[in-house]
Number of protein chains: 2
Amino acid sequence: MKYAVILAGGVGSRFWPFSRELEPKQFMKIIGEASLLQATIQRLKGLVDPACTYIITNNIYFYEVKAQITKFRIPDKNIILEPQGKNTAPAVGLCAKLISQLDQDAVLLVLPSDHYIKNVGNFKKTLKKAIACATNNFLVTIGIKPTAPSIGYGYIRVGARCLKLGSRCLALGSNCLAYKVEKFLEKPDLNKAKKYFKDKKFFWNSGMFVWKASVFLEEVSKYLPKLHANLRLINSVNDIPKIWPKIEAISVDYGIMERSRRIALIPADFYWTDLGSWDALTEIFPKDKKGNISTADVLNLDSEGVCVFGRGQRLISTIGLKDVVIADTPDALLVCDRSKTQEVKKLVEMMKSLQRKEHQVHLTERRPWGSFTVLQQGVGFKIKLIEISPGKRLSLQRHKNRAEHWVVVSGTAKVTSGDNVNLVHSNESIYISKGVKHRLENLGRSAIKIVEVQTGAYLQEDDIERFQDDFKR
Amino acid sequence: MKYAVILAGGVGSRFWPFSRELEPKQFMKIIGEASLLQATIQRLKGLVDPACTYIITNNIYFYEVKAQITKFRIPDKNIILEPQGKNTAPAVGLCAKLISQLDQDAVLLVLPSDHYIKNVGNFKKTLKKAIACATNNFLVTIGIKPTAPSIGYGYIRVGARCLKLGSRCLALGSNCLAYKVEKFLEKPDLNKAKKYFKDKKFFWNSGMFVWKASVFLEEVSKYLPKLHANLRLINSVNDIPKIWPKIEAISVDYGIMERSRRIALIPADFYWTDLGSWDALTEIFPKDKKGNISTADVLNLDSEGVCVFGRGQRLISTIGLKDVVIADTPDALLVCDRSKTQEVKKLVEMMKSLQRKEHQVHLTERRPWGSFTVLQQGVGFKIKLIEISPGKRLSLQRHKNRAEHWVVVSGTAKVTSGDNVNLVHSNESIYISKGVKHRLENLGRSAIKIVEVQTGAYLQEDDIERFQDDFKR
């Protein structure tokens, strides 16, 4: 049986300010109506059964993943949660271990959740070739034919000779299914990248892999014996929190692929990008005659190669710029030379060290029950717009220092306030006094919106005492 | 007697998005706590009596000017209102006419309200020289010694010989009070500007003038006889609305200065800029070692010559930029190459032709009674933060299509709702039903803040029926 193992634990900071620690790239809608994670799942339709699709992610992303995968009928138990990120080798090893307990012959399609792929038909053909190859006990990596001397990707050098797949020997050329892998190479400098780009033996390392769970675990026991020993101690997801802290972080590439001798490469026959930076993103959007991209409300005067990505609701105007990326969100703006988009990571590090919060959360913060946006705060007051998803409720809670005025502006809210329970309809309001236990609930089938005006001397989020919570907070 | 005539009717679009049609440059706080208009008035302290200070502006700016000049004890009647802007010659002519009716020997200091001047001591010394010269029946212009080959200013070429002031002949050199003016020159191209800059006979035209009202009116009768005839028909401010539409727009420079033969130039002995563009603004702010200016919450990575002006409450980050101006407001962002800041005017023209609103008003819109900010709007609701100035009240009004929930978050509001009048204190709320006459009033001594949540199907500003209004709207 075929299984998908989708890696969705990344904290990708390179799309800041669109991505944040709590809303990383894989959960973002970059282009179209599906998030990158959802697009990754959609691409597998007809190839892997939803019941065989696993998603491994960090604990903190559980509700986000759950909300995003609902429509694909993937069972919640297929969301595997890591208490801490340990890079890819432990994550893939864990899934291999858990899945092989259910199916000894399982073939795993290991797929990052934050890449962009065009031509799904060819994607599936490539994966089918990889599955055939993996069935013959190879670790298969999907290689991308370079289209530019990129310094943003790792490279793989292949041998000239084809692989034997079972008894079948395949000629190099258009019919060849697989290459023997000679070497994995780190991201090169520009000179090396230019050399690699000219040489037909070099592929980009896509991070997409196909192998039998059993074969991968054999290689783990050989090259990462400590990890293997720890994985043996995990017999169910309940064991993860105990064992995980002991595990060392290491990537599949570094831990296994650079060492194993049974690796095959299948060339990809589709457009692929790992969307590793804002500049990579500019590849996939339509441009005007002067190379400008506008995904917002933009007025451009004499600008060239200016890529504007908007998420605020405001006008963005440019005059006389050349090759600049502008990424606009309600609480943070980035204006970056297009050749420097790799440096966004450094900027995020700066914010961390300055203990800011713009790298962590958006102004609209998601919660398992919906989201809230702080619209304004001043001395003694804070104004929030609260959205509650259908069927969801906030915790039963109490604040020591603040009162809350709620005006329902869309839908009907069930409001608990002390011993009273009321239905508060659109255009009605209710007042929650300081110190009174209260709860907001959406019994309806569409989201409801509530304007909350908090008043009080102390208005931080930590002034909350929870008595019951559907989300175990 | 000396009189100040301050020209405050400009719609200066070159500081967009900071300036807007309804909040032009002269009312902005560019640097420090005073607006440019207020700074212009402050500079005259000890030189001109507040009772002799006149401000001529457009009708629509009356309440803004009134609010800004309160603290200077300038009487409201000294605010002269133009129904339409007609450029500087009619404005100055009108003030000359009205003031000469009160004082035949009046000497006028004609001053733009939107310039930036450093060294007030020297400014006053220069003006005193100009007054001495004007007393001898010259039209005096203040000339600025060029500090760069600017293409943004008009130039004045002076003669080598000094003027006779009465019987006193003054030698050219450090003691010379005044130059004879040979020619006014339009804004030059860069080649001409370089030539002018090298030649000691050239000055920048500052637009600051000193003359007797009677002498100016004589020159108007000579060179602009139609204007003079119309001014004769204005015997009090009540005559302005009738006569003004007939008057042709023309500048003092073009209409009088380029033609008159009794012009003297007094060189300025102080730092001056007309703040004609964002780039001009960069001159007056402190810079870091790489020439970056940060007047906002900024993170700069490898940027040089980047000037960030912030008015939003958000983080602005830049990477690898060179010589760029970023001007950030809550509803509009400008990112402009520093050599192209003159083009902002074109951008504003684009917005006009697209019938946008970002060139007209800020997100926080000022009103005679205070201001309001639309924080959010969605289907069926709009959230506003309303501030009411001490002692002010909104009109008694009614809305056909919307209800309003008010939560007072600071101060105490007097609320009229139908036949009821209530005091609504901080942390209290009140509901105004659709169709009910209502009014908000601030009886206190400091501003009050109210969160307004509007609900209804139609939420535009034009759904308002006014029954009484302190501001004659």
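Note that the structure is a prediction, hence the values are computed from the model and not measured. (Residues numbered from 1 in each chain as written. Chains lettered and ligands numbered in written order. Predicted model: local features only at pLDDT ≥ 70, side-chain atom pairs only at ≥ 80, totals over all residues.)

K.L.:
Go over the relation of the copies chain A and chain B with me, naming the residues and quoting the values.
P.N.:
In the superposition of chain A on chain B (RMSD 0.1 Å, axial shift 0.0 Å), the rotation amounts to 180°. A rotation of that kind, with that shift, is consistent with a two-fold axis. Closest approach to the rotation axis among the C-alpha atoms of chain A is made by Leu375 of chain A, whose C-alpha sits 3.1 Å away. By residue overlap, the copies meet face to face through one surface: 98% of the interface positions of chain A are interface positions in chain B. (Least-squares fit on C-alpha atoms with pLDDT ≥ 70 in both. Contact = placed C-beta atoms within 7 Å.)

K.L.:
Explain unusual backbone geometry to me, using residue names and the numbers behind them.
P.N.:
Negative phi is the rule for most residues except glycine; trans is the rule for most peptide bonds. Residue and element names in this part refer to chain A. For the bond running from Trp16 to Pro17, omega is 5°, close enough to zero to count as cis. Structurally, Pro17 can be placed in the loop between strand S1 (2–7) and helix H1 (36–42). Although it is not a glycine, Lys472 adopts a positive phi angle of roughly 50°. Relative to the assigned elements, Lys472 resides in the segment after strand S30 (465–468). (Helix = DSSP H or I, 4+ residues; strand = E, 2+ residues; numbered from the N terminus.)

K.L.:
Report on the packing of helix H3 (residues 88–102) of chain B against helix H6 (residues 213–223) of chain B, specifying residues and quantitative values.
P.N.:
All names here are of chain B. Put simply, H3 and H6 touch, their axes get as near as 9 Å, and they point 130° apart. With respect to H6, the axis of H3 lies oblique. For the crossing formed where H3 meets H6, the hand is left-handed. Listed contacts from H6 to Val92, Gly93, Ala96, Lys97, Ile99 and Ser100 of H3 are Ala213, Ser214, Phe216, Leu217 and Val220. (Axes fitted to C-alpha atoms, helices over the stretch in contact; angles between N-to-C directions. Parallel < 35°, antiparallel > 145°, perpendicular 65-115°, else oblique. Left-handed = near helix turned anticlockwise from the far one by under 90°.)

K.L.:
Would you mind going over the domain arrangement of chain A in detail, with residue names and values included?
P.N.:
Residues and elements named next belong to chain A. In terms of domain boundaries, chain A breaks down into domain 1 (2–276), domain 2 (279–353) and domain 3 (364–468). Relative placement of domain 1 and domain 2: their C-alpha centres are 30 Å apart. Across the boundary between the two partners, domain 1 contributes 12 residues, which contact 15 residues of domain 2. The class makeup of the residues in the side of domain 1 that touches domain 2 is seven nonpolar, four polar and one charged. (Domains from an automatic or database assignment. Nonpolar A, V, L, I, M, F, W, Y, C, P; charged D, E, K, R; others polar.)

K.L.:
With reference to specific residues and values, describe the interface of chain A and chain B.
P.N.:
Counting residues at the interface gives 49 residues for chain A and 48 residues for chain B. Broken down by element, the residue count for the side of chain A that touches chain B peaks at six residues, all from strand S19 (residues 332–337) of chain A. Across the side of chain A that touches chain B, the residue classes tally to 26 nonpolar, 13 polar and 10 charged. As judged from the five bridges shared by strand S17 (residues 315–319) of chain A and strand S19 (residues 332–337) of chain B, these two strands associate in the parallel manner. Bridging from a neighbouring strand, Thr318 of chain A pairs with Val335 of chain B of S19 of chain B. (Pairing = 2+ DSSP bridges.)

K.L.:
So what about the nonpolar core? Which residues, and what values?
P.N.:
With 226 residues, the main nonpolar core has Cys95 and Leu108 of chain A together with Cys95 and Leu108 of chain B as its most contacted residues. Sequence-distant contacts of Leu108 of chain A, defined by excluding residues within four places in its chain, comprise Tyr3, Val5, Cys95, Ala96, Ile99, Val210, Trp211, Ala213 and Phe216 of chain A. The next biggest cluster of nonpolar side chains, apart from the first, holds 44 residues, and it includes Leu375 and Val409 of chain A together with Ile383 and Val424 of chain B. (Core = buried A, V, L, I, M, F, W, Y, C linked by C-beta atoms within 7 Å. Buried ≥ 20, exposed ≤ 12 C-beta atoms within 10 Å, placed from the backbone.)

K.L.:
Please provide a residue-by-residue account of the sheet that holds strand S24 (residues 403–410) of chain A, values included.
P.N.:
All names here are of chain A. Pairing is antiparallel across the open sheet formed by six strands, whose spatial order is S20-S21-S22-S29-S24-S27. This sheet does not close on itself; its edge strands, each paired only once, are strand S20 (364–367) and strand S27 (429–432). Between one strand axis and the next, the sheet turns by 20° as a mean value, whatever way the strands run. Here four bridges tie S20 to strand S21 (residues 370–378), and the two strands are oriented antiparallel to one another. By the bridge assignment, Arg366 is partnered in S21 with Ser371.

K.L.:
Break down the environment of Val408 of chain A for me, citing the residues and quoting the values.
P.N.:
Residue and element names in this part refer to chain A. Position of Val408 among the secondary structure elements: in strand S24. Of the residues examined, Val408 has 26 C-beta atoms within 10 Å and is grouped as buried. Linking Val408 and His425, residues 17 residues apart in sequence, is a C-alpha distance of 6.3 Å. Leaving out residues up to four positions away in the same chain, Val408 has contacts with Ala413, Val424, His425, Ser426, Glu428, Ile448 and Ile450.

K.L.:
Describe helix H11 (residues 344–353) of chain A, listing the residues and the values that go with them.
P.N.:
For H11 of chain A, the complete set of buried residues consists of Val344, Leu347, Val348 and Met351 of chain A. The buried side chains of H11 of chain A occupy one side of the element, clustering within an arc of 100° when seen end-on. Across H11 of chain A from its buried face, at more than 90 degrees, point the exposed residues Glu349 and Ser353 of chain A. Buried positions along H11 of chain A lie against helix H10 (278–282) and S19 of chain A together with strand S15 (298–301) and strand S17 (315–319) of chain B. Phi turns positive one or two residues past the end of H11 of chain A, at Gln355 of chain A, with a value near 55°. (Arc of directions from axis to C-beta.)

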